[in-house]
Amino acid sequence: MLTMERRQVLKTAALGAAAAVAVPTTLATTAQAASASEPTFGDLGAGMYADMSTAFHPSPFNLNPVLVTCAVGTTGAIPGVIGSFAMEMFSVGTLTYTVDRAARTITAQGRMRSITMLLTGVVLEDVEHDFAAIGIDNRGITADRFEMHYTTPLWNGGLLTAISTASTFRSDWKMFGGALLSGTLGLLGPKVYLGGINVNP
């Protein structure tokens, strides 16, 4: 016959064993929930690049199935007023959005509105046109790349033709594009890119 004290010892031991079994299960469930709720960044792009096609001015962009944007320009001495040049490009309407996982590229095509200004706000062009935006995911081996291919009267046969870069997508188009800008975290830290192109495995 068990004494009251012995019963209490067995009860405590049993509760302890149950708790020991329950804890790993609870932790596993929590870990699975956390993993399932983690955000994913896939088949999209955003960042900033610069190269000869933008006269080495930084150019921010967005690449996704809903909206594609690309901009470049200089600032002026007066707040809210552009400098010698500014151009804003954004898609309008439905996009064709193609992800090539083998080549690790994203290609968005459709219609776009481009607004080009010179000399503190003189609008030289405000038009809609065809475009193709291409993002290349280099998996961190080298910098990712973004390219905007387009055609407008101002850049194809107009005032800015002479300083524009020929497209590698279509021979009769022009383009902006380049590798994403990068820096280092601290003086000797790891390389950090200003954005990226991500193609899911």
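Structure's up top.
Residues numbered from 1 in each chain as written. Predicted model: local features only at pLDDT ≥ 70, side-chain atom pairs only at ≥ 80, totals over all residues. Heavy atoms only, no water.

Glancing now at the pairing of strand β2 (residues 59-63). What you see with β2 is a clean split: S59, F61 and L63 sit on the buried side and P60 and N62 on the side with no burial. Pairing geometry for strand β1 (residues 44-49) and β2, over 5 bridges, is antiparallel. Considered in β2, the bridge of M48 is made with P60. Looking at chain direction, β2 and strand β3 (residues 68-75) are connected through 3 bridges and run antiparallel. In the sheet register, F61 faces β3, and the bridge partner there is C70. Where β2 hands over to β3, the hairpin turn is made up of 4 residues, counted between the paired strands. (Buried < 20%, exposed > 50% of the residue type's maximum accessible area, 1.4 Å probe, protein only. Helix = DSSP H or I, 4+ residues; strand = E, 2+ residues; numbered from the N terminus. Pairing = 2+ DSSP bridges.)

Glancing now at the pattern of salt bridges. This structure, assessed with the given rule, holds 6 salt bridges. Between R101 and D43 there is a salt bridge, with its nearest N and O atoms 2.9 Å apart. Of this pair, R101 sits in the loop between β4 (82-100) and β5 (105-118) while D43 sits in the loop between α1 (4-37) and β1, and the two are 58 residues apart along the sequence. Here R101 falls in the partly exposed class, since its relative accessible area comes to 40%. Measuring nitrogen to oxygen at the nearest pair gives 2.9 Å for the salt bridge that ties D172 to R170. (Salt bridge = Lys/Arg side-chain N within 4 Å of Asp/Glu carboxyl O.)

Attention now goes to the side chain of D51. Take D51: it is sitting in the loop between β1 and β2. The side chain of D51 sits in the buried core without any salt bridge; R145 is the nearest counter-charge, 4.4 Å away. One polar contact links D51 to S53, side chain to side chain, over a distance of 2.5 Å. In contact with D51, not counting residues within four places along its chain, are F56, R145, G177 and G178. (Lys, Arg positive; Asp, Glu negative; His and termini not counted. Polar contact = N/O pair within 3.5 Å; in protein donor to acceptor, adjacent residues only side chain to side chain. Contact = heavy atoms within 4.5 Å.)

A separate point is unusual backbone geometry. Residue D43 is not a glycine yet carries a positive backbone phi of 55 degrees. With a relative accessible area of 14%, D43 lands in the buried category. Look at R104: it is not a glycine, yet its phi comes out positive at around 60 degrees. Within the secondary structure, R104 is located in the loop between β4 and β5.

Before going further, it helps to spend a moment on the sheet that holds β1. Whenever strands of a sheet pair, they do so through backbone hydrogen bonds, lying parallel or antiparallel. The strand order β8-β9-β7-β6-β5-β4-β3-β2-β1-β12 describes an open sheet built from 10 strands, whose pairing is antiparallel. At either end of the open sheet lies a strand with only one pairing partner, and these are β8 (165-166) and β12 (195-198).

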